[in-house]
Amino acid sequence: MSALTRDQKQMFQERLANRHKELRAEIREELERSGLQHFQDMAGEVSDLGDASVADMLVDFDIGMVKRQVEELTLVEQAQKRLNATDFNVCQECGEDIDLSRLMANPVATRCIVCQEQREKFYQHDDMPKL
């Protein structure tokens, strides 16, 4: 298991801190735009069921966007903790190093590419919507 250099660690700290700040701003903006007033603005005071349905869908989309942003924010915070605990570049599945190029592309990665590919094959249908 190879440790990150001080420069690499600092670079990841900066990238994660910047993404954390961006996500907090995005979440704040989405929450300010959403809510009941947002629904009323889209649907209008006099609307038919089609207009209300579209407004509902747009509000749901906004809620989904905030949910994804909060989930990413959580991943960023977890990566920041791992970086400080020195297991930032260690695969949570096999314990081997996560390749630096993978972390550069996705600093919140918790698995090496081999373990991630296996997980995606095994769980490929878990996040699929169900009716």
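Cut-offs and rules
- Residues numbered from 1 in each chain as written.
- Predicted model: local features only at pLDDT ≥ 70, side-chain atom pairs only at ≥ 80, totals over all residues.
- Heavy atoms only, no water.
- Helix = DSSP H or I, 4+ residues; strand = E, 2+ residues; numbered from the N terminus.
- Buried < 20%, exposed > 50% of the residue type's maximum accessible area, 1.4 Å probe, protein only.
- Contact = heavy atoms within 4.5 Å.
- Areas by Shrake-Rupley, 256 points an atom, 1.4 Å probe, with all protein chains shown as cover.
- Core = buried A, V, L, I, M, F, W, Y, C linked by side-chain atoms within 4.5 Å.
- Phe/Tyr/Trp six-rings, centres within 6.5 Å; stacked < 30°, edge-to-face > 60°.
- pLDDT = per-residue confidence, 0-100.

Novice: It is not clear to me how the overall build of the chain should be interpreted in this structure. Could you clarify?
Specialist: Within the chain, the regular secondary structure consists of five helices and zero strands. Burial status across the chain gives 26% buried among its 131 residues. Long-range pairs, those at least 24 residues apart, make up 57% of the contacts in the chain between residues at least 6 apart in sequence. Entry remark: accessible area of the chain is about 9600 Å², with carbon and sulfur atoms responsible for 53%.

Novice: Any chance you could explain the nonpolar core here in plain terms?
Specialist: One broad trend across soluble globular proteins is that nonpolar side chains are buried collectively. Counting residues in each nonpolar core, the largest one holds 17 residues, and the members touching the most others are Leu16, Phe88 and Leu103. Of all the secondary structure elements, the ones that give two or more residues to this core are helix H1 (6–33) and helix H3 (49–84). When residues in this core are grouped by element, the largest group, five residues, is from H3. Phe88 has contacts with Leu4, Phe12, Leu16, Ala79, Arg82, Leu83, Ile98, Leu103, Pro107 and Ala109, leaving out every residue within four places of it along the chain.

Novice: Just to check I follow, could you spell out unusual backbone geometry for this structure?
Specialist: Trans peptide bonds make up most of the peptide bonds, and negative phi angles are found at most residues other than glycine. A positive phi angle, close to 70°, is found at Thr86, a residue other than glycine. Relative to the helices and strands, Thr86 resides in the loop between H3 and helix H4 (100–105). Judged by its relative accessible area of 61%, Thr86 is exposed.

Novice: Looking at this model, I keep getting lost on the packing of aromatic side chains. Mind explaining?
Specialist: Given two aromatic rings, their pairing is described by the distance between the two centres and the angle made by the two planes. Counting across every chain of the model gives two aromatic pairs. Considering the side-chain rings of Phe12 and Phe88, the 4.9 Å spacing of their centres and the 55° angle between planes classify their relative orientation as tilted. Linking Phe12 in helix H1 with Phe88 in the loop between H3 and H4, this pair joins segments that are 76 residues apart in sequence. The two residues Phe12 and Phe88 agree in class, both being buried.

Novice: Explain the side chain of Thr110 to me, please; I cannot follow it from the model alone.
Specialist: Along the polypeptide, Thr110 turns up in the loop between H4 and helix H5 (113–122). Judged by its relative accessible area of 19%, Thr110 falls in the buried class.

Novice: How should the confidence of the model for the chain be read in this particular structure?
Specialist: Caution applies to low-pLDDT parts of the model: their predicted coordinates are not meant to be read in detail. Residues with a pLDDT of 70 or more make up 72% of the chain, whose mean pLDDT is 81. By mean pLDDT, the top-scoring element of the chain is H4 (95), and the lowest-scoring one is helix H2 (residues 36–43) (50).

Novice: How should I be thinking about the environment of Pro107 in this particular structure?
Specialist: Along the chain, Pro107 turns up in the loop between H4 and H5. Overall, the relative accessible area of 13% leaves Pro107 in the buried class. Expressed as a C-alpha distance, the spacing of Pro107 and Phe12, which sit 95 residues apart in the sequence, is 7.1 Å. Those residues within four positions of Pro107 in sequence are excluded, and the remaining contacts are Phe12, Arg15, Leu16, Ala79, Arg82 and Phe88.

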